[in-house]
Amino acid sequence: MGKIIAVYTATGNSLYAARKIEGYRPILIEKILSGEETIPDDTESLGFAFPVYCWGVPYPMRRFIREYMAGRDNSRLKYVFAIATSASTPLSTLADMERELADIGIALAYSASVRMPDAYLPLQKKAVTEEKTRTIIGKADEDLAAISSAIADESVSIPTRGPLYHVMRRISPYAIKPEKTKLRASDRCIGCSLCERICPMGNISIKDGKAVFGDECISCFACYHRCPESAIEYPGAIGQYHGIVPTEDLIRR
Ligand SMILES: Cc1cc2nc3c(=O)[nH]c(=O)nc-3n(C[C@H](O)[C@H](O)[C@H](O)COP(=O)(O)O)c2cc1C
Ligand code: SF4
Ligand code: SF4
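Structural notes, computed from the coordinates. For every chain, the first residue of the written sequence is number 1, and numbering continues from 1 onward in sequence order. Naming scheme: in the order in which they are written, chains are lettered from A and ligands are numbered from 1. Predicted model: local features are reported for residues with pLDDT of at least 70 only, side-chain atom pairs are reported and counted for 80 or more only, and whole-chain, interface and lining totals are derived from all residues.

As for the overall build of the protein chain
Basically, it comes down to this: Each helix is a run of H or I in the DSSP string that is no shorter than four residues. Each strand is a run of E no shorter than two, and both are numbered from the N terminus. Atoms counted for the radius of gyration: C-alpha only. Globule rule: 2.2 Å times residue count to the power 0.38. Each residue is classified by how many other C-beta atoms fall within 10 Å of its C-beta atom, where C-beta atoms are placed from the backbone; a count of 20 or more means buried, 12 or fewer means exposed, and values in between mean partly exposed. By definition, residue pairs are in contact when their C-beta atoms, positioned from the backbone, come within 7 Å.
The helix and strand inventory of the protein chain stands at eight helices and nine strands. For the protein chain, whose C-alpha radius of gyration is 18 Å, the value lies close to the compact-globule estimate of 18 Å for 253 residues. Once the C-alpha set of the protein chain is aligned to its principal axes, its extents read approximately 50 × 35 × 35 Å. Residues classed as buried in the protein chain amount to 40% of the 253 residues present. Of all intrachain contacts in the protein chain linking residues separated by at least 6 positions in sequence, the fraction that spans at least 24 positions is 73%.

Side note on the site of ligand 3
The line we're drawing: For each residue, a C-beta position is placed from the backbone atoms; the residue is near a molecule or strand when that point lies within 6 Å of it. The residue classification treats Ala, Val, Leu, Ile, Met, Phe, Trp, Tyr, Cys and Pro as nonpolar and Asp, Glu, Lys and Arg as charged. All others, Gly included, are polar.
The immediate surroundings of ligand 3 are formed by 15 residues, with Cys199, Met201, Cys217, Cys220 and Cys223 found nearest. Classifying every residue of the shell around ligand 3 by side-chain character gives twelve nonpolar, three polar and no charged.

Considerations on the sheet that holds strand E3 (residues 45-51)
Quick reminder of the rule: Strand pairing is assigned whenever DSSP identifies at least 2 bridges connecting the two strands. Only C-alpha atoms enter the line fits that serve as axes; for helices the fit covers just the stretch in contact. Angles between N-to-C directions range over 0 to 180 degrees.
Across the sheet, five strands lie side by side as E2-E1-E3-E4-E5; this open sheet has parallel pairing. For this open sheet the edge positions go to strand E2 (25-28) and strand E5 (110-115), each flanked by a neighbour on one side alone. In this sheet, adjacent strand axes meet at a mean angle of 20 degrees when their direction is disregarded. Direction of pairing for E3 relative to strand E4 (residues 79-86): parallel, over a ladder of seven bridges. Counterpart to serine 45 in the pairing with E4 is tyrosine 79. Of the strands in this sheet, E3, E4 and E5 are in contact with helix H4 (residues 93-103), which crosses E4 at around 145 degrees.

Thoughts on the nonpolar core
As a reminder, the rule being used: Put simply, a nonpolar core is a cluster of buried Ala, Val, Leu, Ile, Met, Phe, Trp, Tyr and Cys residues tied together by C-beta atoms within 7 Å.
The biggest cluster of nonpolar side chains holds 44 residues, and the ones touching the most others in it are Ile5, Val7 and Ile83. Looking at this core, the elements with two or more residues in it are strand E1 (3-7), helix H1 (13-19), E3, helix H3 (59-68), E4, H4, E5 and helix H5 (130-152). When near neighbours in sequence (up to four residues on either side) are disregarded, valine 7 contacts Ser14, Leu15, Ala18, Pro26, Ile27, Leu28, Ile29 and Ala49. The next biggest cluster of nonpolar side chains, apart from the first, holds 25 residues, and it includes Ala119, Leu183, Ile218 and Cys227.

Structure follows, in structure tokens:
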């Protein structure tokens with residue numbers, strides 16, 4: 001009887017959060033989708049960990065639920081929870097997740113959010129320094145310890161929808177959908193292919209020894225923040241967030 005957390009993460013925060021939940025094994029959703037990993041049939045306790053994207057469930061997690069989870073036999077699941085990591089407030093994200101799961105017949109028993117460092121470049125006003133990261137993670141660790149014991153007790157906490165729920169259910173999926181990106185590789189790119197292997201959308205390829213971006217970008221900025229040569233450019237971006245899990249743990253292919 002396995003205890004699994006299905007994780008979507010771009011910059012690593014949500015994987016870090018999932019690793020703090022005692023007794024559970026976090027697995028990246030891309031590895032489940034590729035068949036490299038599986039959610040065993042006898043799994044009774046299942047969590048989902050993911051970042052808040054535009055006050056909603058991110059596109060890859062939504063797709064995972066609608067395509068993979070919807071096609072699975074979920075009748076053995078007894079305790080299901082969701083953990084969202086966010087830069088400020090999750091607003092109605094957890095209620096959005098509750099609805100996504102309810103739509104495929106899965107009842108969410110418990111949900112919680114935790115504040116983590118922000119890596120969203122279009123709204124970034126200050127660089128994410130190591131000192132700032134340490135401060136935010138110190139508080140997050142306390143919150144995650146409380147979340148972990150609530151999950152160990154199989155606590156119940158259903159998210160409330162709030163006044164913006166219906167608006168965000170509509171806006172969020174469209175605000176951050178796969179599209180063309182302003183990211184580009186500079187002359188510093190050495191064609192190491194790390195970004196290609198990290199991109200959750202498979203949106204980067206190496207051509208003539210240089211990273212080239214396709215039209216399926218979800219602005220997760222995993223590539224930008226983890227490039228070892230700081231070779232990825234984005235208009236107005238200030239510094240990389242090097243993250244709190246090793247880069248190799250984010251490699252998806
Ligand atoms: C595309 C995008 C949209 C985001 N939207 C929000 C948001 O609406 N509210 C918020 O608090 N944080 C938002 N964030 C911040 C992330 O939720 C936060 O940094 C999260 O911990 C990143 O998790 P990850 O490292 O697992 O990818 C956004 C980040 C990205 C990349
Ligand atoms: S990770 Fe950086 S250096 Fe490596 S291929 Fe991508 S852009 Fe180029
Ligand atoms: S190309 Fe877009 S989707 Fe892929 S890692 Fe970079 S920001 Fe994320």
